[in-house]
Amino acid sequence: MKSGFVVPTDLDPIERHPKAVGPGERMRMHNHMCYGCGEDSPNGLHLEIYAGEGFTIRASMEVEPHFEGGPGVLHGGILTTAFDDVMGMAPLLVGPSAVTVHLEVDFLRPIPVGSTLELSATLLGRQRRKLYTEGVAHIGDPDQPVAVAHAIFVSINAREHFAEHLDKSQISDEYKQRLSRP
Ligand SMILES: CCCCCCCC/C=C\CCCCCCCC(=O)SCCNC(=O)CCNC(=O)[C@H](O)C(C)(C)COP(=O)(O)OP(=O)(O)OC[C@H]1O[C@@H](n2cnc3c(N)ncnc32)[C@H](O)[C@@H]1OP(=O)(O)O
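Rules used in this analysis
- Residues numbered from 1 in each chain as written.
- Predicted model: local features only at pLDDT ≥ 70, side-chain atom pairs only at ≥ 80, totals over all residues.
- Heavy atoms only, no water.
- Phe/Tyr/Trp six-rings, centres within 6.5 Å; stacked < 30°, edge-to-face > 60°.
- Helix = DSSP H or I, 4+ residues; strand = E, 2+ residues; numbered from the N terminus.
- Buried < 20%, exposed > 50% of the residue type's maximum accessible area, 1.4 Å probe, protein only.
- pLDDT = per-residue confidence, 0-100.
- Expected span 1.5 Å × (residues − 1).
- Contact = heavy atoms within 4.5 Å.
- Pairing = 2+ DSSP bridges.
- Axes fitted to C-alpha atoms, helices over the stretch in contact; angles between N-to-C directions.
- Near = heavy atom within 4 Å.
- Polar contact = N/O pair within 3.5 Å; in protein donor to acceptor, adjacent residues only side chain to side chain.
- Areas by Shrake-Rupley, 256 points an atom, 1.4 Å probe, with all protein chains shown as cover.
- Nonpolar A, V, L, I, M, F, W, Y, C, P; charged D, E, K, R; others polar.

A. Expanded view of the packing of aromatic side chains. In total, this model carries 1 aromatic pair according to the counting rule given. Here Phe-5 and Tyr-132 contribute two aromatic rings whose centre-to-centre distance is 6.4 Å and whose plane-to-plane angle is 55°, an arrangement assigned as tilted. Linking Phe-5 in the segment before strand S1 (48-51) with Tyr-132 in strand S5 (residues 130-138), this pair joins segments that are 127 residues apart in sequence. For the residue pair Phe-5 and Tyr-132, the accessibility class agrees, reading buried in each case.

B. Representation of the confidence of the model for the protein. Averaged over every residue, the pLDDT of the protein is 95; the share at 70 or more is 99%. Overall fold confidence for the complex sits at a pTM of 0.96, while the interface term, ipTM, reaches 0.95.

C. Highlighting helix H1 (residues 76-88). Between the first and last C-alpha of H1 there are 18 Å, a value that for 13 residues agrees with the 18 Å anticipated at 1.5 Å per step. Taken residue by residue, H1 has Ile-78, Leu-79, Ala-82, Phe-83, Asp-85, Val-86, Met-87 and Gly-88 as its buried positions. Taken together, the buried residues of H1 touch S1, strand S2 (56-62), strand S3 (98-107), strand S4 (116-127), S5 and strand S6 (147-155).

D. Quick look at unusual backbone geometry. Even without being a glycine, His-46 presents a positive backbone phi close to 50°. Among the structural elements, His-46 can be located in the segment before S1. For Arg-128, which is not a glycine, the phi torsion comes out positive at approximately 50°. Looking at the element boundaries, Arg-128 is found in the loop between S4 and S5. Classification of Arg-128 as exposed rests on a relative accessible area of 64%.

E. Fine view of the sheet that holds S4. The antiparallel open sheet is built from 6 strands, whose spatial order is S1-S2-S4-S5-S6-S3. Two strands bound the open sheet, and with one partner strand each, they are S1 and S3. Each strand axis lies, on average, 20° off the axis of its neighbour in the sheet, ignoring direction. In this sheet, S5 lies alongside S4 in antiparallel orientation, the contact comprising 9 bridges. Bridge assignment links Glu-118 to a residue of S5, and that residue is His-138. Strand contacts of H1: S1, S2, S3, S4, S5 and S6, with the helix running at about 50° to S6, the strand carrying the most contacts.

F. Geometry of the site of the ligand. For the ligand, the set of nearby residues contains 18 residues, the closest of which are Asp-84, Thr-100, Val-101, Arg-128 and Lys-130. Asp-84 places a side-chain nitrogen or oxygen 2.8 Å from an oxygen atom of the ligand. At 2.9 Å from an oxygen atom of the ligand is found a side-chain nitrogen or oxygen belonging to Arg-129. In the complex, 61% of the free accessible area of the ligand, which totals 1400 Å², lies under the protein chains. Elements that contribute at least two residues to the shell around the ligand include exactly H1, S3, S6 and helix H2 (158-162). Among the elements that make up the shell around the ligand, the one with the highest residue count is S3 (5 residues). Grouping the amino acids of the shell around the ligand by side-chain chemistry returns 7 nonpolar, 6 polar and 5 charged.

G. View of the side chain of Asn-31. Checked against the element boundaries, Asn-31 lands in the segment before S1. A distance of 3.0 Å separates a polar atom in the side chain of Asn-31 from the backbone nitrogen of Met-33. A distance of 3.2 Å separates a polar atom in the side chain of Asn-31 from a polar atom in the side chain of Tyr-175. Apart from the residues within four sequence positions on either side, Asn-31 is in contact with Gly-38, Ile-171 and Tyr-175.

Written out as structure tokens, the structure reads:
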């Protein structure tokens, strides 16, 4: 597939976390106000994201008219957002919360408004805190991808990482309550 991203050849092997969501089950929402997958995000993409076999994740997305970028086709930034969210779930299969440090997308074909976009992500391996993922999108024929993405996520301690920003969340009270629990 057309991509200049170089996946390191010396990635460490990974193991599914014993408490990871099972294949076919819906991934737990990390934040119900998330623009990508939060069910309460007022203008979000409302992606429903599922664990697949092995180290894979999948989701479908209807390409709504208001996602238009070029005439009649999906905006590239919306596709990138969807990849970020779907690929961002992959690290959870092996355990840690992780945030995006690098994301690149190869746009292979225009994606018409009205199509159903099938997104998948695979966790390829890790190198210290870095988790390497690959994403693929198609609109019917899995052998004809419309876009390919590569991303690096870095594992974090979520409590510490988000601590100073929680009061800006739309649900800051809920987070403050969660943080006050031991
Ligand atoms: C009570 C609270 C509960 C909350 C619960 C919610 C948990 C939810 C968690 C997860 C949800 C999953 C779903 C998410 C979906 C959407 C994902 C997003 O959109 S995330 C938003 C955008 N991303 C950011 O805002 C990151 C901003 N960046 C940072 O904050 C820092 O860079 C951070 C903390 C990630 C790393 O900084 P350092 O100082 O800890 O570590 P250093 O040493 O710089 O990096 C570690 C390794 O990563 C490499 N690295 C860093 N940046 C890189 C880059 N741009 N490209 C390549 N490698 C990079 C470095 O070279 C290093 O690698 P070497 O081990 O030394 O080889």
